[in-house]
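A closer look at the structure
The primary structure of each chain is shown beneath.
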Amino acid sequence: SRRAGPHRPSAEVPPARPQRRSGAGAGALRQPRPPGRQRRAQPPLGHPLHLTILSFPLIILPWIAITLGLSFLLAVSNVFFDDTFHLSEVMLQGLYYMSPILYNREVLSPRLVHWLQWNPLFPMIEYIRGIFFEGRLPSPLVFGVTLLFAVGVLGVGLWVFRKNEDKFLYVI
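In this section: helix 2 (residues 61–80). With 20 residues, helix 2 extends 29 Å from end C-alpha to end C-alpha; this agrees with the ideal 28 Å at 1.5 Å per step. Within helix 2 the residues assigned to the buried category are Pro62, Ala65, Ile66, Gly69 and Val76. Looking straight down helix 2, one finds that the buried residues subtend no more than 100° of arc, so they occupy a single side. Turning to helix 2, the residues buried within the fold contact helix 1 (56–59), helix 5 (121–134), helix 6 (140–164) and helix 7 (168–171).

Within soluble globular proteins, side chains that are nonpolar tend to cluster in buried spots. The biggest cluster of nonpolar side chains holds six residues, and these are Ala65, Ile66, Leu121, Met124, Ile125 and Ala150. A total of three residues in this core trace back to one element, the largest contributor, which is helix 5. Excluding residues within four positions of it along the chain, Ala150 makes contact with Pro62, Ala65 and Ile66.

Looking at where Ser99 falls in the secondary structure, it is placed in the loop between helix 3 (84–97) and helix 4 (110–116). At 2.6 Å, the side chain of Ser99 forms a polar contact with the backbone oxygen of Leu95. Contact partners of Ser99, with chain neighbours within four places excluded, come to Asn119, Leu121 and Ile125.

On average, residues of the protein score 79 in pLDDT, and 73% of them reach the 70 mark or higher. Averaged pLDDT values over the elements of the protein bottom out at 54 in strand 1 (residues 19–20) and peak at 94 in helix 6.

With that settled, the discussion passes to the environment of Thr67. When you line up the elements, Thr67 lands in helix 2. When the C-alpha positions of Thr67 and Leu154 are compared, they lie 8.0 Å apart, and in sequence the two are 87 residues distant. A polar contact is formed between the side chain of Thr67 and the backbone oxygen of Trp63, at a distance of 2.7 Å.

What counts, and at which threshold
- Residues numbered from 1 in each chain as written.
- Predicted model: local features only at pLDDT ≥ 70, side-chain atom pairs only at ≥ 80, totals over all residues.
- Heavy atoms only, no water.
- Helix = DSSP H or I, 4+ residues; strand = E, 2+ residues; numbered from the N terminus.
- Expected span 1.5 Å × (residues − 1).
- Buried < 20%, exposed > 50% of the residue type's maximum accessible area, 1.4 Å probe, protein only.
- Arc of directions from axis to C-beta.
- Contact = heavy atoms within 4.5 Å.
- Core = buried A, V, L, I, M, F, W, Y, C linked by side-chain atoms within 4.5 Å.
- Polar contact = N/O pair within 3.5 Å; in protein donor to acceptor, adjacent residues only side chain to side chain.
- pLDDT = per-residue confidence, 0-100.

Structure (structure tokens):
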């Protein structure tokens, strides 16, 4: 009779030992993957990507227009009033906290959502969240109204800037 030794394998296959995980929770053990079962590729964001992401450049057009319009208005105001910089910091911080960047609409009460929807950034952030996470495009009517509002803010900002730019030299 042959005995199993260091150079002779035994007829019995030893059971698979659980493998240690590396990274977070490295002390935990995981079971080995059964043969024939493949690991699923995980999308980079943890959820599937949708084709609606291709509409992102169009969706941020109102955001760009509002940003430029407010920048023109604040630039003119900053030239004539010294406190504009400090007041705009406080207002922008308040606008940030009233925007759904830190929270979803679902975690808020409907009464609060009703008031937060007056924030011009609220629908734009909802559009971006919708195209990336849910794969849905914004309503054309609501997007059109948002775009008209943004173009209006840009127009007013440009008008005020052009009307006052010849006075900048005298004030500075």
